[in-house]
Amino acid sequence: MALKKIGLVTASALCSINLWTGAPLFAVWVGSKVQGNLNNLSMTALFSVIAVLAGMVFLLAFALTWLNAKYDEVAGRPAAARHTSPWLRSMRDEREEDTRRKYGISAIERTVVVCVVAGVLAFEVWFFFFAGSSLPNG
C-alpha cells in the first residue's frame, strides 16, 4: 500500500514538473522539425507548437487528475472530501468542512503545489540573476 502511494506521488511529481519543462520543450522541438531549414518562421510551425503544447498540457493535466483519484482510492479518502471545489460549496455546509478538516489535502495536491512553487522560484532566480539584461549597455 505504501509503495503504491509513493509511486503515485512520484508520477504526479513527474507530471507536474513536465507541465513546466517537458511539454514546452517537446512542443518547440516538434515546431523545429516542422520548420525545417527555412530562415523565416512559418505559420505551420507556429501553429504546430501551439497545438502540441495544448495537447501535452491537456494530457498531463488529465494524468494528474487520474493520479489524484487513484491516490484517493488507495488512501481511502471519501469522494465528498475530494470532488467539491471550495467555490462550489454552500456557505452553510459544515459537514463537508469537517470532512476536509479530517482528511486535509492529499499528498498529490501537496506535490503539485511544491512543484509549482519550486518552478516559480527557479524562474525568478534565473530571471534576476542569470538572464542578463536585454537593454543596451550604453
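Draft legend 1. Main features of helix α1 (residues 2-20). Given a rise of 1.5 Å per residue, 19 residues ought to cover 27 Å, and the 28 Å separating the end C-alpha atoms of α1 matches this to within 8%. For α1, the full list of buried residues reads Leu-8, Ser-12, Ala-13, Cys-15 and Ser-16. The buried residues of α1 all sit within an arc of 165° when viewed along its axis, so they share a single face. Away from the buried face of α1 by more than 90 degrees, exposed residues Leu-3, Ile-6 and Leu-14 are located. Residues of α1 that are buried make contact with α3 (43-75) and α6 (107-130).

Draft legend 2. Examining the pattern of salt bridges more closely. Here the structure, examined in full by the defined rule, presents 1 salt bridge. Here Lys-70 ties to Glu-73 by a salt bridge, and the two come within 3.7 Å at their closest N and O atoms. Residue Lys-70 and its partner Glu-73 are located together in helix α3, separated by 3 residues, close to a single helical turn. Given the relative accessible area of 52%, Glu-73 is considered exposed.

Draft legend 3. Molecular detail of the confidence of the model for the protein. Overall, the predicted model of the protein reaches an average pLDDT of 83, with 80% of residues at or above 70. No element of the protein has a lower mean pLDDT than helix α4 (residues 80-83), at 54, and none a higher one than helix α2 (residues 22-35), at 94.

Draft legend 4. Fine view of the packing of α2 against α3. Relative orientation of the contacting elements α2 and α3 amounts to 150°, with a least axis distance of 8 Å. Our classification of the angle between α2 and α3 gives roughly antiparallel. Here the hand of the crossing between α2 and α3 comes out right-handed. Here Ala-23, Pro-24, Phe-26, Ala-27, Val-28, Val-30, Gly-31, Val-34 and Gln-35 of α2 lie close against α3, whose contacting residues are Thr-44, Ala-45, Ser-48, Val-49, Val-52, Leu-53, Met-56, Val-57 and Leu-60.

Draft legend 5. Representation of the packing of aromatic side chains in the model. Under the defined criterion, the tally for this structure stands at 4 aromatic pairs. Geometrically, the ring pair formed by Phe-123 and Phe-127 is stacked, given 5.9 Å between the ring centres and 25° between the ring planes. Of this pair, Phe-123 and Phe-127 both sit in helix α6, separated by 4 residues, roughly a single helical turn. Owing to a relative accessible area of 45%, Phe-127 belongs among the partly exposed residues under this scheme.

Draft legend 6. Local environment of the packing of α1 against α2. Running from N to C, α1 and α2 cross one another at 50°; their axes reach a closest spacing of 3 Å. With respect to each other, α1 and α2 are oriented oblique. Along the contact surface, α1 presents Ile-17, Asn-18, Leu-19 and Trp-20, while α2 presents Gly-22, Ala-23 and Pro-24. Here the contact of α1 with α2 is composed, by residue class, of 5 nonpolar, 2 polar and no charged.

What counts as what
- Along every chain, residues carry numbers that run from 1 in the direction the sequence is written.
- The predicted nature of this model means local features are confined to residues of pLDDT at least 70 and side-chain atom pairs, given and counted, to a pLDDT of 80 or more, with totals for whole chains, interfaces and linings taken over all residues.
- Only hydrogens and water are set aside when side-chain values are computed; all heavy atoms of the structure are taken into account.
- Secondary structure is summarised from DSSP: a helix means a run of H or I of at least four residues, a strand means a run of E of at least two, and numbering begins at the N terminus for each.
- Helix span, as expected, comes to 1.5 Å for every residue beyond the first.
- Accessible area is worked out with a 1.4 Å probe on protein chains only. A residue is then buried under 20% of its type maximum, exposed over 50%, and partly exposed in between.
- By arc we mean the arc of the directions from the helix axis to the C-beta atoms, nothing more.
- Should any heavy atoms of two residues lie within 4.5 Å, those residues are counted as being in contact.
- Salt bridge, as used here: a side-chain nitrogen of Lys or Arg that lies within 4 Å of a carboxyl oxygen of Asp or Glu.
- Think of pLDDT as the predictor's per-residue confidence, scored from 0 to 100.
- Throughout, an axis means a line fitted to C-alpha atoms (over the contacting stretch in the case of helices), and angles, computed between N-to-C directions, take values from 0 to 180 degrees.
- Working definition: roughly parallel below 35 degrees, roughly antiparallel above 145 degrees, roughly perpendicular at 65 to 115 degrees, and oblique for all remaining angles.
- Handedness of a crossing is defined here by the sense of rotation of the near helix relative to the far one, left-handed for an anticlockwise turn of less than a right angle and right-handed for a clockwise turn.
- Stacked, tilted and edge-to-face pairs are distinguished by plane angle, under 30 degrees for stacked and over 60 for edge-to-face with tilted covering the rest, among Phe, Tyr and Trp rings (Trp via its six-membered ring) whose centres lie within 6.5 Å.
- Only Asp, Glu, Lys and Arg are considered charged, only Ala, Val, Leu, Ile, Met, Phe, Trp, Tyr, Cys and Pro nonpolar, and every remaining residue, Gly among them, polar.

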